[in-house]
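# Understanding the architecture of this molecule
Given next are the chains, with one letter for each unit.
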Amino acid sequence: MTHPIRVLGIDPGLRRTGWGMIEVIGNRLIFIASGTVTSDNKLGLAERLVQLHDGLTDVVRRQEPMEAAVEHTFVNKDAGATLKLGQARGIALLVPALAGLSVAEYAPNLVKKTVVGTGHAEKEQIRAMVKILMPRATFDTDDAADALAIAICHAHHRGSATGRMAQAGAA
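Described in the following lines is the structure provided in the data block. Position numbers for residues count from 1 along each chain, tracking the sequence in the order it is written. Local features in a predicted model are, by the rule used here, given only for residues with pLDDT of at least 70; side-chain atom pairs are given and counted only at 80 or more, and totals for whole chains, interfaces and linings are based on all residues. For side-chain calculations, the full set of non-hydrogen atoms in the structure is used, while hydrogens and water are omitted.

### Details of the overall build of the protein
Think of it this way: any DSSP run of H or I at least four residues long counts as a helix, any run of E at least two long counts as a strand, and we number them from the N terminus. Looking only at helices and strands, the protein has six helices and five strands in total. Here the globule rule reads 2.2 Å times residues to the power 0.38, and the radius of gyration is calculated from C-alpha atoms. In terms of overall dimensions, the protein is globule-like: its C-alpha atoms have a radius of gyration of 15 Å, near the 16 Å expected for 171 residues. Across its three principal axes, the protein shows a C-alpha extent of roughly 50 × 35 × 30 Å. Throughout, exposure labels follow a simple rule: accessible area from a 1.4 Å probe, protein chains only, divided by the maximum for the residue type, with under 20% read as buried, over 50% as exposed, and the rest as partly exposed. Buried positions account for 47% of the 171 residues belonging to the protein. The contacts of the protein with a sequence gap of at least 6 include a subset with a gap of at least 24, amounting to 57%. Residue contacts follow a heavy-atom distance rule, with two residues in contact if any of their heavy atoms lie within 4.5 Å.

This is the structure in structure tokens:
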């Protein structure tokens, strides 16, 4: 019998960081929980990063994941926005790593291709496929739906060469 693995998917963002927890038993995916950690845009950058850190730390403490997966940052035309997103992504990588979890990273196109079948899927397609793959899934934002998609992507690739490279941070 295959032992259940709890996977935390994280969709990093400075304003909203989505998270999604699934359980993987063989090829079966089971929705556990999802949500969004937010930061107050009236605060300074450092304080906002602390809010994300504290929120994700609480999620990891409450949900007890065994592995984590984070989406790679894409480059915007706005270098400042890309840098801020990178800092939020640093928090998304740091929190599970501090909890002793292995953390895989996946490119947005691989997440979309794994869940929807095409690397250029729209948000609505991702939400719809997450609901098809896990009918009991609920999510309050697109960020939480994306986080579930990241967890699903990890579930599909964790035993493959792609998954091993992602866990090494090379994918």
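### Thoughts on the sheet that holds strand 1 (residues 5-11)
Taken in spatial order, the five strands make up an open sheet running 3-2-1-4-5, and their pairing is mixed. Each having just a single partner strand, strand 3 (28-38) and strand 5 (102-106) make up the two edges of the open sheet. Averaged over all pairs of adjacent strands, the angle between their axes in this sheet comes to 20°, without regard to strand direction. Strand pairing is assigned whenever DSSP detects at least two bridges linking the two strands. Across five bridges, the pairing between strand 4 (residues 67-71) and strand 5 is parallel. Counted as the bridge partner of Glu71 is Tyr106 from strand 5. Lines fitted to C-alpha atoms define the axes here, with helix axes fitted over just the stretch in contact, and angles between the N-to-C directions of these axes take values from 0 to 180 degrees. Taken strand by strand, helix 5 (residues 142-157) contacts strand 1, strand 2 (16-25), strand 3, strand 4 and strand 5, and its axis lies near 35° from that of strand 2.

### As for the nonpolar core
Here, the term nonpolar core denotes a set of buried Ala, Val, Leu, Ile, Met, Phe, Trp, Tyr and Cys residues that are joined through side-chain atoms within 4.5 Å. Core analysis: the largest hydrophobic core is formed by 26 residues, its most contacted members being Ile22, Val130, Met134 and Leu148. Of all the secondary structure elements, the ones that give two or more residues to this core are strand 1, strand 2, strand 3, strand 5, helix 3 (108-115), helix 4 (123-133) and helix 5. Within the second largest apolar cluster, 20 residues are counted, among which are Leu8, Trp19, Ala33 and Ala92.

### What about helix 3?
Along helix 3, the residues that are buried comprise Pro108, Val111 and Val115. Taken around the axis of helix 3, the buried residues stretch over an arc of 65°, which confines them to a single face. Residues of helix 3 that are buried sit in contact with strand 4, strand 5, helix 4 and helix 5. Just beyond helix 3, the residue with positive phi is Gly117, at close to 105°. In this description, the arc belongs to the directions extending from the helix axis to the C-beta atoms.

### Quick look at the pattern of salt bridges
Counted as salt bridges are all cases of a side-chain nitrogen of Lys or Arg within 4 Å of a carboxyl oxygen of Asp or Glu. Summed over the entire model, instances satisfying the criterion amount to eight salt bridges. For Arg61, the salt bridge is made with Asp58, and the minimal N-O distance between the two is 2.3 Å. One end of the pair, Arg61, and the other, Asp58, are both in helix 1 (residues 45-63), three residues apart, so they sit about a helical turn from each other. The closest approach of N and O atoms between Glu105 and Arg89, which form a salt bridge, is 3.0 Å. Of this pair, Glu105 sits in strand 5 while Arg89 sits in helix 2 (residues 79-98), and the two are 16 residues apart along the sequence. In this structure Glu105 comes out as buried when scored by relative accessible area, which is 12%. The exposure class of Arg89 is buried, given its relative accessible area of 13%. Among the ionic contacts, a cluster of salt bridges with common partners joins Asp58, Arg61 and Arg62.

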